[in-house]
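Each chain is listed here by its residues.
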Amino acid sequence: MSKEKDIRRRLVEVVLDLASVNGRIVFLPHERLDADALGASISLAEVFRAVGCETTVLVDSELPESLSYLPLLETVQVYEPSLKYSPYDLALAIDCHEENRVGERADWLTRSRLRGSVDHHVVSTDLGRLDLVVPSASSTCELAFEIIWDLELYLAKPLFNRDIAVLLLAGIVTDTGRYSYSNTTPVVFRQAAFLLERFDVDLASLNYDIFERTTVERLQFKGDVYSGITAFDDGRILVASVTRDMIDRRGVTDDDLGNFASEMRGADGTEVTLLFSESNEPHGVRVNIRSSGCFDAAQFAKRYGGGGHRRAAGATLNDITMGEAMDSIVREAKIFLDACKGELRS
């Protein structure tokens, strides 16, 4: 049995044990949540509730408008500073592993009787017996599908439903870039085929909601961002920045800046894109990193306390100005890119 299957088996056993005593499970998706983190959290919470557990999806802030198309959002609880910790039998970090990725909700992760995670990012900390971390997976929703599949087989009863199908497909479609990124594998196509054959899901509408639905203000905001792009290192590195004034002037939110960074990567000759945005809480600068070729975005982000994937990563630098962050990271990105090019030549 592979290590991944062994951990999945262990998670399923724990969930079924807790279900026999109406045990409590809390799901903690990462801060600045996206369709993958939210889709996996709600899907697993619904299934674990169906088998007998009491479940809670606790998110760090109000859900962004860009995720308003997803089902079952009414089941999600939003963290507030006044919310006091209550004991859970199991806490699962979703689409993340480290405590700092769940922010103010860290108590729920560290103080629960059992702790685990379901994640597909590269991590640098030690893993526990209930940490299902598979960097080769396309998305955390892919891993959530496998857990639900295991439970269906074990219990010999249907657990997937249409809402769960929409949630899982949303996460997979998002993290594979509509099945176009290098993390797209036969596994995700098999999962999609299973869900689309079993349930009536409008995949075209789902893609529209995720990637195309917009407003005039957001289009204007995108123009503001793209008009300020600067090329470095003969165009190998593209840099753009977003200030709070830019966001406030257009009356938009910053929840899809990662998509902007990904689009920038499509420029001819570009190997690295860096999109900087001002952060108020905490005060600092967020950088979205996208790459191609030899540049490992996750390894580069780790230098600044961030992480992610080889082609898409990010980090937040606290107590620093936009100019300071841009100067430092662009300079280091040039060195990092030159180094990896040198390794390839050697």
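Look a little higher up for the structure.
Please read these numbers as outputs of a predicted model, since none were measured by experiment.

S.K.: Now, about the side chain of H120: what can you tell me, with residues and values included?
M.R.: Looking at where H120 falls in the secondary structure, it is placed in the loop between β5 (114-119) and β6 (131-133). H120 sits in the buried class, given a relative accessible area of 1%. For H120, the side chain forms a polar contact with the main-chain oxygen of A137, separated by 3.3 Å. Of the polar contacts made by the side chain of H120, one reaches the backbone nitrogen of S139; its length is 3.4 Å. Setting aside its immediate chain neighbours within four residues, H120 contacts D36, D95, V134, P135, A137, S138, S139, T140, L143, D175 and H309.

S.K.: An account of the sheet that holds β5 is needed here, citing residue identities and associated values.
M.R.: Spatially, the six strands line up as an open sheet ordered β3-β2-β1-β4-β5-β6, and their pairing is parallel. Taken across any chain shown, the strands that pair with only one partner, and hence form the sheet edges, are β3 (76-78) and β6. Shown here is a sheet whose adjacent strand axes are inclined to one another by a mean of 25°, direction ignored. In this sheet, β3 lies alongside strand β2 (residues 54-59) in parallel orientation, the contact comprising three bridges. Residue V59 lies in a different strand from β3, and its bridge partner there is V78. Where helix α1 (residues 3-19) meets the sheet, its contacts fall on β1 (24-29), β4 (90-94), β5 and β6, and the angle it forms with β6 comes to roughly 140°.

S.K.: So what about the pairing of strand β12 (residues 312-318)? Which residues, and what values?
M.R.: Residues in a regular strand point their side chains to alternate faces of the sheet. Where strand β10 (residues 284-291) lies against β12, seven bridges are found, and the strand directions are antiparallel. Note that in β12 the partner of I289 across the bridge is A313. As paired strands, strand β11 (residues 307-308) and β12 are joined by two bridges and run antiparallel to one another. Note that in β12 the partner of G308 across the bridge is A313.

S.K.: So what's going on with helix α7 (residues 203-212)? Which residues, and what values?
M.R.: Residues L206, N207, D209 and I210 constitute the buried set of α7. Buried positions in α7, seen along its axis, are confined to an arc of 160° and lie on one side of it. Looking at the packing, one finds that the buried side of α7 touches α5 (162-175). The backbone nitrogen of A204 has a side-chain oxygen 3.2 Å away, supplied by the residue at the start of α7, namely D202.

S.K.: An account of the packing of helix α2 (residues 35-50) against α5 is needed here, citing residue identities and associated values.
M.R.: Interaxial distance between α2 and α5 falls to 8 Å at its minimum, and their mutual angle equals 155°. In terms of axis orientation, α2 runs roughly antiparallel to α5. Between α2 and α5 lies a crossing whose hand is left-handed. Contact residues: α2 offers A35, D36, G39, I42, S43, E46 and V47, while α5 offers I164, L167, L168, A170, G171, T174 and D175.

Scoring rules and cut-offs
Residues numbered from 1 in each chain as written. Predicted model: local features only at pLDDT ≥ 70, side-chain atom pairs only at ≥ 80, totals over all residues. Heavy atoms only, no water. Helix = DSSP H or I, 4+ residues; strand = E, 2+ residues; numbered from the N terminus. Buried < 20%, exposed > 50% of the residue type's maximum accessible area, 1.4 Å probe, protein only. Polar contact = N/O pair within 3.5 Å; in protein donor to acceptor, adjacent residues only side chain to side chain. Contact = heavy atoms within 4.5 Å. Pairing = 2+ DSSP bridges. Axes fitted to C-alpha atoms, helices over the stretch in contact; angles between N-to-C directions. Arc of directions from axis to C-beta. Parallel < 35°, antiparallel > 145°, perpendicular 65-115°, else oblique. Left-handed = near helix turned anticlockwise from the far one by under 90°.

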